[in-house]
Amino acid sequence: MRKKIIYYLLLFLLSSCGLLLPATHTLKTNQKNAEQYSKTITQNELKKHLKIISSDEYEGRETTTIGQKKAAKYIRNHFIINNINSPYGDTGYLQSFPVDVLDFSKVDFSYNGTKLTFINDFYTFGNPINSSFNYVPVVDAGYGISSFQQNDFFGLNVKEKAVILKEGIPSRKVEKKEGNWRKKVKTAKKEGAIAVIFRKENYSNTDLNIKKHLQHPIMKMHGNQKSKPLPPVFVVDEKIIKKLNQDSNTISFNTRVSQTKSGENVLGYIPGLTDEIIVISAHYDHIGYDRGEICNGADDDGSGTSALLSISKAFQKAFDEGNKPQRGILFLAVSGEEKGLFGSQFYTENPAFPLSKTIANLNIDMVGRQDTIQKDNNYIYLIGSDRISKELHIINENINKKHIGFKLDYTYNALDDPNNFYQRSDHYNFAKNNIPVIFYFGGLHEDYHQPTDDFEKIDFLKLERVSRFVFLTAWELAYRKKRLSK
């Protein structure tokens, strides 16, 4: 008798720890209803959305571009057509956020009246002040060092002038740190200079990666600039300088490279019986063009966006038929992910609903393809599911056991994952706020960020299964009485 008591006591303890949980032990909602509505998510509907979103008409959906705004309009219209509310009431479905676009190709630079060609003759970089000057006197300040060992500014008046400098340090007697370009620019600024020119030896064969990078606009989240603006910095081919040099030299320049534009998140909302919220997210932006070719981003993240739209329609159908969830469901289509998680950062800093009431985020990114590692396509990578809420992890696993049957791969969930995928998609901005997350991810393939990531390569059976998987997990979170525990 005593042995039986001990046995049942151990069994109880193991079950309470989740070690012997049957597949449905933590599922508290009507699974027949959930499964019924999940089946309204079909390959045909996913194809309909993705064919449009990943078409050439949308030009790769790069944030702030016409293509991104067309995609935003398509998502908004989907919400309107399916009677999915806006969390903002009558003010619309879009949440705009400012983006600073830096286009260095717009810089003008002339030396002694001769206009130089960007990249071929010179380049500029950093975080320059938007400014425009004509015929600014140029002063040669050697290496631009001002230290105990050497002061190149001694006896020079560089106030309201440009200084021209050599790179590096003159000898080992000067500390290496004095050769840092940023230190030299700060010193020149302190001395009153309004611009800095670095002579570059062997210009055509150096800094090739920097030059390539500068030929494309760079985006920064408005207000995210950590470094203070410096005077404009120009790196110029020394051969050009020698050719144009005179007894007295001047430069003219225009560095108005920064322009503030907008990106948009698109938000749809189904109200719940309480003030709690779950968020289902996917980024609908992509990288635009690559060397003149459109990168349509069918998998990245047209697949997740199509899943989000189909999931939202299924939940609205359940709501319209009288199945009101305990907590609201926010469908968050974000842009700016490819530029640094801009849209999700802006949302979590300006949430439509308090983050304290947001119980979980399910994020869908690149779920329509087989990666280069797996032997077949019956898998999904899960990232973050157990980091904040063990219960979320168990719920998700049990949904898979009962309804889907994927091989769940946690390779990229490892704390020492060298790819660091946990911080590379939009769920991370929720996780930073201690909100439980799951990142559903199909892994990388040979078409990642290439013009070849096309609609025709999507496995729509897999996309359907992933979409249903997310829907069913979200259903359990939205309809259960008790809030998810951490």
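Residues numbered from 1 in each chain as written. Predicted model: local features only at pLDDT ≥ 70, side-chain atom pairs only at ≥ 80, totals over all residues. Heavy atoms only, no water.

Novice: What am I meant to see in the sheet that holds strand E9 (residues 233–237) here?
Specialist: Strand pairing in a sheet relies on backbone hydrogen bonds, with the paired strands running either antiparallel or parallel. A sheet is described by the order of its strands in space; here eight strands give the open sequence E3-E2-E10-E5-E6-E7-E9-E4, paired in mixed fashion. This sheet does not close on itself; its edge strands, each paired only once, are strand E3 (114–115) and strand E4 (122–124). Of the strand pairs in this sheet, strand E5 (residues 132–140) and strand E10 (residues 250–254) are connected by four bridges, and their pairing is antiparallel. Paired with Phe133 across the two strands is Phe253, which belongs to E10. Sitting on the sheet, helix H5 (residues 181–190) is in contact with strand E6 (162–165), strand E7 (195–200) and E9, with an inclination near 140 degrees to E7. (Pairing = 2+ DSSP bridges. Helix = DSSP H or I, 4+ residues; strand = E, 2+ residues; numbered from the N terminus. Contact = heavy atoms within 4.5 Å. Axes fitted to C-alpha atoms, helices over the stretch in contact; angles between N-to-C directions.)

Novice: Where do I start with the pairing of strand E1 (residues 94–102) in this structure?
Specialist: On any regular strand, side chains alternate: one points to one face of the sheet, the next to the other face. With nine bridges connecting them, E1 and strand E11 (residues 258–270) associate as antiparallel partners. When the bridges of E11 are listed, Leu102 appears paired with Ser258. Pairing analysis gives four bridges linking E1 to strand E8 (residues 218–221), with the strands arranged antiparallel. In the strand pairing of E8, Val101 is matched with Met219.

Novice: Quick question: what am I supposed to make of the packing of helix H3 (residues 43–53) against helix H13 (residues 460–479) here?
Specialist: A packed helix pair is summarised by two numbers, namely the angle formed by the two axes and the spacing between the axes. Between H3 and H13, whose axes approach to 9 Å, the crossing angle comes to 105 degrees. If you check the angle between H3 and H13, you find them roughly perpendicular. From H3, Gln43, Leu46, Lys47 and Leu50 reach across to H13, where they touch Phe460, Leu461, Leu463, Glu464 and Ser467. Among the residues forming the contact of H3 with H13, the class breakdown is five nonpolar, two polar and two charged. (Parallel < 35°, antiparallel > 145°, perpendicular 65-115°, else oblique. Nonpolar A, V, L, I, M, F, W, Y, C, P; charged D, E, K, R; others polar.)

Novice: Looking at this model, I keep getting lost on unusual backbone geometry. Mind explaining?
Specialist: Trans peptide bonds make up most of the peptide bonds, and negative phi angles are found at most residues other than glycine. Cis geometry is adopted by the peptide bond preceding Asp301, which originates at Asp300 and carries an omega value of -15 degrees. Relative to the helices and strands, Asp301 is located in helix H8 (residues 298–320). Of note in the backbone geometry, Asn83 takes a positive phi value of approximately 60 degrees without being a glycine. By relative accessible area, Asn83 is classed as exposed at 54%. Here the phi dihedral of Arg291 falls at roughly 50 degrees; this positive angle occurs in a residue that is not glycine. Mapped onto the elements of the fold, Arg291 is located in the loop between strand E13 (289–290) and strand E14 (293–294). Judged by its relative accessible area of 69%, Arg291 is exposed. (Buried < 20%, exposed > 50% of the residue type's maximum accessible area, 1.4 Å probe, protein only.)

Novice: Explain the environment of Gln95 to me, please; I cannot follow it from the model alone.
Specialist: Mapping Gln95 onto the fold places it in strand E1. Residue Gln95 is classed as buried on the basis of its relative accessible area, which comes to 6%. Setting aside chain neighbours within four positions, we find Gln95 in contact with Tyr88, Gly263, Glu264, Asn265, Leu267, Phe346, Tyr347 and Asn350. Within the structure, the side chain of Gln95 is placed 2.9 Å from the backbone oxygen of Asn350, a separation counted as a polar contact. (Polar contact = N/O pair within 3.5 Å; in protein donor to acceptor, adjacent residues only side chain to side chain.)

Novice: Can you walk me through the pattern of salt bridges in this structure?
Specialist: Pairing between side chains becomes possible if they bear opposite charge and their charged atoms approach one another. Considering all chains together, one arrives at 19 salt bridges under this definition. Across the pair Glu276 and Arg327 runs a salt bridge, and its minimum N-O distance is 2.8 Å. On the criterion of sequence distance, the pair formed by Glu276 in the loop between E11 and strand E12 (277–283) and Arg327 in the loop between H8 and strand E15 (328–334) is long-range, its members being 51 residues apart. Of the charged contacts, one joins Glu391 and Arg480 as a salt bridge, the two residues approaching to 3.0 Å between their closest N and O atoms. With Glu391 in helix H11 (residues 390–404) and Arg480 in the segment after H13, this pair connects stretches of sequence that are 89 residues apart. Taking relative accessible area as the criterion, Glu391 reaches 21% and is therefore assigned partly exposed. Its relative accessible area of 3% is what places Arg480 among the buried residues. (Salt bridge = Lys/Arg side-chain N within 4 Å of Asp/Glu carboxyl O.)

Novice: Explanation requested: the nonpolar core in the structure shown.
Specialist: For soluble globular proteins, the rule of thumb is that nonpolar side chains tend to be buried together. Ranked by size, the top nonpolar core spans 63 residues in total, and within it Ile280, Ile311, Phe315, Phe331, Phe471 and Leu477 carry the most contacts. If one sorts the elements of this core by residue count, H13 sits on top with 12 residues. Beyond its immediate stretch of four places on either side in the chain, Ile280 contacts Leu308, Ile311, Phe315, Ile329, Leu330, Phe331, Leu332, Asn361, Leu362, Ile364, Val470 and Ala474. Phe153, Val158, Leu165 and Phe234 belong to the second largest nonpolar core, which has 43 residues in total. (Core = buried A, V, L, I, M, F, W, Y, C linked by side-chain atoms within 4.5 Å.)

Novice: Which parts of the structure should I look at to understand a positive patch on the surface?
Specialist: Taken together, the side chains of Lys177, Arg182, Lys183, Lys186, Lys189, Lys190 and Lys228 make up a positively charged region of the molecular surface. The residue Lys177 is located in the loop between E6 and H5 in this model. (Patch = residues over 30% accessible without salt bridge, like charges linked within 9 Å, V, L, I, M, F, W, Y side chains within 5 Å. Areas by Shrake-Rupley, 256 points an atom, 1.4 Å probe, with all protein chains shown as cover. Lys, Arg positive; Asp, Glu negative; His and termini not counted. Charge placed at Lys NZ, Arg CZ, Asp CG, Glu CD.)

Novice: Is there a simple way to think about the packing of aromatic side chains in this case?
Specialist: A ring pair, where both rings are aromatic, is described by two values, the distance of the centres and the angle of the planes. What the rule picks out here adds up to 30 aromatic pairs. Ring centres of Tyr347 and Phe430 lie 6.0 Å apart, and the angle between their planes is 35 degrees; on these two criteria the pair is classed as tilted. With Tyr347 in helix H10 (residues 342–349) and Phe430 in helix H12 (residues 427–431), this pair connects stretches of sequence that are 83 residues apart. Looking at Tyr347, the relative accessible area reads 0%, which means it is buried. Ring plane angle 80 degrees and centroid distance 4.8 Å describe the contact between Tyr412 and Phe421, whose orientation is recorded as edge-to-face. Per residue, the accessibility class of Tyr412 equals that of Phe421, and both read buried. Taken together, the ring pairs connect Tyr37, Phe315, Phe331, Phe471, Trp475 and Tyr479 into an aromatic cluster. (Phe/Tyr/Trp six-rings, centres within 6.5 Å; stacked < 30°, edge-to-face > 60°.)

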